[in-house]
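As a plain string of letters, each chain reads:
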Amino acid sequence: EVQLQASGGGLVQAGGSLRLSCATSKFTLAHHLIGWFRQAPGKEREGTACVSSSDDDTYVVDSVKGRFTVSSDNAKNTVYLQMNSLKPEDTAVYYCAALDSTYRGCGRFGVDYWGKGTLVTVSS
């Protein structure tokens, strides 16, 4: 069974950092890319960063490139999103998702499964 559990959200000031965790399973990691998506109020859900834990390929969208880093710890079956230099516009519910393993990117069309989100609020 696919398992996706996001955590680590909270309230931070602009310029601060947070690390989100996606607790998943060996099965999930073996069959999917793991991606971080976000949805701000009134906005569509968008990808931020995705990773293939098997080959360590990463895909980071331009809007967060240089600030967000995705990584995986296969021993813990966990994928992380390190968010630095946070901006108020980063405020959103962040979701981890499982993407088709043949998909090379970080877009919603590759997503097979969604986890529940964790809220990140960046104050100005």
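Each chain has its residues counted from 1, running along the sequence as written. For a predicted model such as this one, the threshold for reporting local features is a pLDDT of at least 70, and the threshold for listing and counting side-chain atom pairs is 80 or more; totals across whole chains, interfaces and linings nevertheless cover every residue. With hydrogens and water stripped out, all remaining heavy atoms of the structure feed into the side-chain values.

Draft legend 1. Representation of the state of the cysteines. Two cysteine sulfurs form what is called a disulfide whenever their separation falls within 2.5 Å. The final tally for this structure, using the stated rule, is two disulfides. There is a disulfide in this structure between cysteine 50 and cysteine 106, and the S-S distance comes to 2.1 Å. One quick way to see it: the torsion about the S-S bond of cysteine 50 and cysteine 106 is about 70°, and its sign makes the bridge right-handed. Remark: cysteine 106 occurs in the loop between strand E9 (92–100) and strand E10 (111–114) and cysteine 50 occurs in strand E5 (residues 46–51); sequence separation between them is 56 residues. In this pair, the class of cysteine 50 matches that of cysteine 106, namely buried. To qualify as a helix, a DSSP run of H or I must reach at least 4 residues; to qualify as a strand, a run of E must reach at least 2; elements of each kind are numbered from the N terminus. Relative accessible area decides the class of each residue, using a 1.4 Å probe on protein chains only: under 20% of the type maximum gives buried, over 50% gives exposed, and in between gives partly exposed.

Draft legend 2. Looking closely at the pattern of salt bridges. A pair is scored as a salt bridge if a Lys or Arg side-chain nitrogen falls within 4 Å of a carboxyl oxygen belonging to Asp or Glu. Evaluated as defined, the whole model comprises five salt bridges. Across the salt bridge formed by arginine 67 and aspartate 90, the nearest N and O atoms sit 2.7 Å from each other. Separated by 23 residues along the polypeptide, arginine 67 in the loop between strand E6 (58–60) and strand E7 (68–73) and aspartate 90 in the loop between strand E8 (78–83) and E9 bring together distant segments of the chain. Neither residue differs from the other here; arginine 67 and aspartate 90 are each classed as buried.

Draft legend 3. How the structure looks around the pairing of E8. With five of its six residues buried, E8 lies for the most part within the structure. Here a strand pair is declared whenever DSSP counts at least two bridges between the two strands. Of the pairings in the sheet, the one linking strand E3 (residues 18–24) to E8 comprises six bridges and is antiparallel in character. Note that in E8 the partner of alanine 23 across the bridge is threonine 78. Connecting E7 to the next strand, E8, in antiparallel fashion are four residues, including asparagine 77 with a positive phi near 50°.

Draft legend 4. Region of the structure containing the packing of aromatic side chains. The aromatic pairing rule takes the rings of Phe, Tyr and Trp, using the six-membered ring of Trp, and pairs them if the centres are within 6.5 Å, calling planes under 30 degrees apart stacked, those over 60 edge-to-face and the rest tilted. Counted by the stated rule, this structure contains two aromatic pairs. When the ring of phenylalanine 37 is compared with that of tryptophan 114, the centres are 5.0 Å apart and the planes differ by 80°; the resulting orientation is edge-to-face. Remark: tryptophan 114 occurs in strand E10 and phenylalanine 37 occurs in strand E4 (residues 32–39); sequence separation between them is 77 residues. Taking relative accessible area as the criterion, phenylalanine 37 reaches 0% and is therefore assigned buried. A relative accessible area of 38% means that tryptophan 114 is categorised as partly exposed.

Draft legend 5. Fine view of the side chain of serine 53. Tracing the backbone shows serine 53 in the loop between E5 and E6. Think of a polar contact as two N or O atoms within 3.5 Å of one another; within protein, one of them needs to be a possible hydrogen donor and the other a possible acceptor, and neighboring residues in sequence only count if both atoms come from side chains. Engagement of the side chain of serine 53 in a polar contact is seen with the backbone oxygen of leucine 29, the distance being 3.5 Å. Residues are treated as being in contact if the distance between any of their heavy atoms lies within 4.5 Å. When residues no more than four places from it in sequence are discounted, the contact partners of serine 53 are Leu29, Ser72 and Asn74.

These values are about where atoms sit, not about what they do.
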